[in-house]
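# Summary of structural features
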Amino acid sequence: MTFTTCDLCDANEDKLANGTLHALPPVFRSFGHHSRFCGPTRTLKVFEDNVLVRAILETPGNGSVLVVDGGGSLRCALVGGKLGQLAQTNGWAGIIVNGCVRDSAELDACGIGIRALNIHPRRSFRKGVGEIDLPVDIAGVSVRPGDWIYVDQDGVLVSAQLLHA
């Protein structure tokens, strides 16, 4: 991966203008061993419940990025060290969580990229409630299944299509 989000923005100003490319607000913290990652999205909407997060990460990721709309909750974590390792093992490029993660030292050792609002030591509830592969709202930006996510040290981009710098 040789992209930078800055170069992608510069080369795709028309897409920024027409709404097919968006930059997420700078509200995410970085975890995981990879600070730069990209891939097509799978989406998930849950609230303080990570049963479906695990279920999706148990499937082959094939270089995809899991985007989890956790409703922005800061009351518990949706991804921890075991799920980070599971994502790495199953070939996911990364995870973006509109919520919290935990086991930050374990996540930082995982060979994937992770962005989340913050960390929280409490685990989530386990009821199995949520929705998979639907449009979700992440920090005011709509993310649809199959959109492309580009992440590096400078930010997070959401594109309706594969981008070239």
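The paragraphs below set out a description of the structure included in this document.

Quick notes on the rules
Residues numbered from 1 in each chain as written. Predicted model: local features only at pLDDT ≥ 70, side-chain atom pairs only at ≥ 80, totals over all residues. Heavy atoms only, no water. Helix = DSSP H or I, 4+ residues; strand = E, 2+ residues; numbered from the N terminus. Rg over C-alpha atoms; globule rule 2.2 N^0.38 Å. Buried < 20%, exposed > 50% of the residue type's maximum accessible area, 1.4 Å probe, protein only. Contact = heavy atoms within 4.5 Å. Areas by Shrake-Rupley, 256 points an atom, 1.4 Å probe, with all protein chains shown as cover. Salt bridge = Lys/Arg side-chain N within 4 Å of Asp/Glu carboxyl O. Core = buried A, V, L, I, M, F, W, Y, C linked by side-chain atoms within 4.5 Å. Pairing = 2+ DSSP bridges. 1 Å grid on protein atoms, 1.4 Å probe; cavity = no way out; pocket = protein on both sides within 12 Å on 5 of 7 lines; lining within 4 Å. Points joined across faces, edges and corners; volume = space filled by probe spheres on them. Nonpolar A, V, L, I, M, F, W, Y, C, P; charged D, E, K, R; others polar.

## Here's the deal with the overall build of the protein
- For the protein, the helix and strand inventory stands at 5 helices and 12 strands.
- A compact globule built from 165 residues should have a C-alpha radius of gyration of about 15 Å, and the protein, at 14 Å, falls within 12% of that.
- Expressed along its principal axes, the backbone C-alpha trace of the protein runs to roughly 45 × 30 × 25 Å.
- Counting over 165 residues, the protein shows a buried share of 47%.
- Sequence separation of 24 or more characterises 73% of the internal contacts of the protein that already satisfy a separation of 6 or more.
- A total of about 7600 Å² of accessible surface is found on the protein, and carbon and sulfur atoms cover 51% of it.

## With respect to the environment of Ala 17
- Tracing the sequence through the fold places Ala 17 in helix H2 (residues 13-18).
- Since its relative accessible area comes to 69%, Ala 17 is described here as exposed.
- Through-space distance from the C-alpha of Ala 17 to that of Cys 110 is 36 Å; in sequence the pair is 93 residues apart.

## A word on the environment of Ile 95
- For Ile 95, the location among the structural elements is in strand S6 (residues 94-101).
- As a C-alpha pair, Ile 95 and Phe 31 span 64 residues in sequence and 9.5 Å in three-dimensional space.

## Some details on the pattern of salt bridges
- Taken as a whole and judged by the stated rule, the model has 6 salt bridges.
- Asp 14 is the salt-bridge partner of Lys 15, the closest N and O atoms lying 4.0 Å from each other.
- What makes Lys 15 buried here is its relative accessible area of 15%.
- For Glu 48, the salt bridge goes to Arg 75, with nearest N and O atoms at 2.6 Å. With a gap of 27 residues between them, Glu 48 in the loop between strand S3 (37-45) and helix H3 (51-57) and Arg 75 in the loop between strand S4 (65-69) and strand S5 (77-79) connect regions that are remote in the sequence.
- Residue Arg 75 is classed as exposed on the basis of its relative accessible area, which comes to 52%.

## Notes on the nonpolar core
- In this structure, Leu 57 and Ile 95 are the most contacted members of the largest nonpolar core, which totals 23 residues.
- Every element with two or more residues in this core is listed here: H3, S4, S5, helix H4 (81-89), S6 and strand S7 (113-119).
- Ignoring any residue separated from it by four or fewer positions in sequence, one finds Ile 95 in contact with Phe 37, Leu 57, Val 65, Leu 66, Val 68, Val 79, Ala 87, Ile 112, Gly 113, Ile 114 and Arg 115.
- Counting residues in hydrophobic clusters, the runner-up holds 17 residues, among them Val 67, Ala 93, Ile 96 and Leu 117.

## Thoughts on the pairing of S4
- Along S4, 5 of the 5 residues are buried, which leaves the element largely enclosed by surrounding structure.
- Side chains Val 65, Val 67 and Asp 69 of S4 all project onto a buried face; the interleaved residues Leu 66 and Val 68 project onto the opposite face, where all are buried too.
- As paired elements, S3 and S4 share 5 bridges and run parallel to each other. Across the sheet, Leu 44 pairs through a bridge with Val 68, a residue of S4.
- Across 5 bridges, S4 lies against S6 in parallel orientation. Bridged to Leu 66 within S6 is Ile 95.

## Observations concerning the layout of surface pockets
- Size it by volume and the largest pocket reaches roughly 270 Å³.
- Along the wall of the largest pocket there are 16 residues; nearest its centre are Asn 50, Arg 54, Leu 83, Arg 102 and Arg 126.
- Here the lining of the largest pocket is composed, by residue class, of 5 nonpolar, 4 polar and 7 charged.
- A volume near 200 Å³ is recorded for the second largest pocket.
- Around the second largest pocket, the lining is made up of 17 residues, and of these Pro 26, Asp 152, Asp 154, Gly 155 and Val 156 lie nearest the centre.
- Taken together, the elements giving at least two residues each to the lining of the second largest pocket come down to helix H1 (5-11), strand S11 (148-152) and strand S12 (155-159).
- Broken down by element, the residue count for the lining of the second largest pocket peaks at 3 residues, all from S12.
- For the lining of the second largest pocket, the residue count by class is 10 nonpolar, 4 polar and 3 charged.

The analysis is restricted to geometry; functional conclusions fall outside its scope.
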